[in-house]
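Below, each chain spelled out in residue letters.
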Amino acid sequence: MSRSAARRHRLALGALTLALGGAVIFLLLRVNEWETVRYQAVGRVVDAGGVPIPGVEIALLLAPPPSDGPARDALFEREGLEHGRLGKDGIFTGAVGPAVGLSDAGGAILVRARGRLGAAHAIRMGLDRSGRPAFETAWLVLRRPGSPDATRTLSLLGWRSAPKGWGTFANRIPLIVLDP
C-alpha cells in the first residue's frame, strides 16, 4: 500500500470516528433533554377573609421539602436566583412580567419546577405501558414575612408538562388560604 493510500485510509477512519462521536454526543444531549420534566402552575394566595396577600414567596418542589432552618433558607435563595427575582447579591431585582415564585398585589402566583426522571424510567425510555406520570405529588412551600413557613401538598395527576422554554401554558393550583 502506498503512503498516499494509507494516509487517505487514516483520514477516512478519523472522519468516521469524529462523525460517530458527534452523533453519540448529540443523542446523549437529546436523551438528557427528554429526561427533564418541567411543571408550570398559576394560582392565588389569600388570607382567611379572601383578601389577596402580596409578597409571599412560593417554591414548587417535586421532592419533599427540607425541614425548617438553613436548608429551607438556601432553598428560597436558590429559587430566587434561578427564577430571576433575586440578583447575585440577593436583592430583589423586580421582573418583567410576573415574578416567578412571588405573589403580586392581587395574590396571583406563578411557580415553576424542574425534575429528572428516575433511572427505571430512563432505562425503559418511557416505553412502559402503565401510563403513570413521572411525578405524582408536588410540594408548595410558602414563606411570608413575620409568619412561619407553610407547606401544601399537590397532586400532579392530570398536569401537563411545560416545554423547554416554559411556554405560555400553566396548570391551575387550587386557591391557597394562609392563616394569619
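Structure first, text after, so check above.
Residues numbered from 1 in each chain as written. Predicted model: local features only at pLDDT ≥ 70, side-chain atom pairs only at ≥ 80, totals over all residues. Heavy atoms only, no water.

1. With respect to the pattern of salt bridges
Counting across every chain of the model gives three salt bridges. One salt bridge in this structure joins arginine 143 and aspartate 73, with 2.9 Å as the shortest N-O distance. Pair noted here: arginine 143 is in strand β4 (residues 137–143) and aspartate 73 is in helix α2 (residues 70–82), with a separation of 70 residues, a long-range link. Of the residues examined, arginine 143 reaches a relative accessible area of 19% and is grouped as buried. Judged by relative accessible area, which is 40%, aspartate 73 ranks as partly exposed. Between arginine 143 and aspartate 149 there is a salt bridge, with its nearest N and O atoms 3.0 Å apart. On the basis of relative accessibility, which here comes to 21%, the residue aspartate 149 falls in the partly exposed class. (Salt bridge = Lys/Arg side-chain N within 4 Å of Asp/Glu carboxyl O. Helix = DSSP H or I, 4+ residues; strand = E, 2+ residues; numbered from the N terminus. Buried < 20%, exposed > 50% of the residue type's maximum accessible area, 1.4 Å probe, protein only.)

2. Overview of the sheet that holds strand β2 (residues 57–61)
Read across the open sheet, the three strands follow the order β2-β4-β5; overall the sheet is antiparallel. In this open sheet, the two edge strands, each paired with only one partner strand, are β2 and β5 (150–155). Looking at each pair of strands side by side, their axes are set apart by 20° on average, direction ignored. Here β4 runs beside β5; their pairing, made up of six bridges, is antiparallel. Note on β5: the bridge partner recorded for threonine 137 is serine 155. Sheet strands in contact with α2 are β2, β4 and β5, and its direction is about 95° off that of β2. (Pairing = 2+ DSSP bridges. Axes fitted to C-alpha atoms, helices over the stretch in contact; angles between N-to-C directions. Contact = heavy atoms within 4.5 Å.)

Any functional reading would require information beyond the geometric quantities listed.
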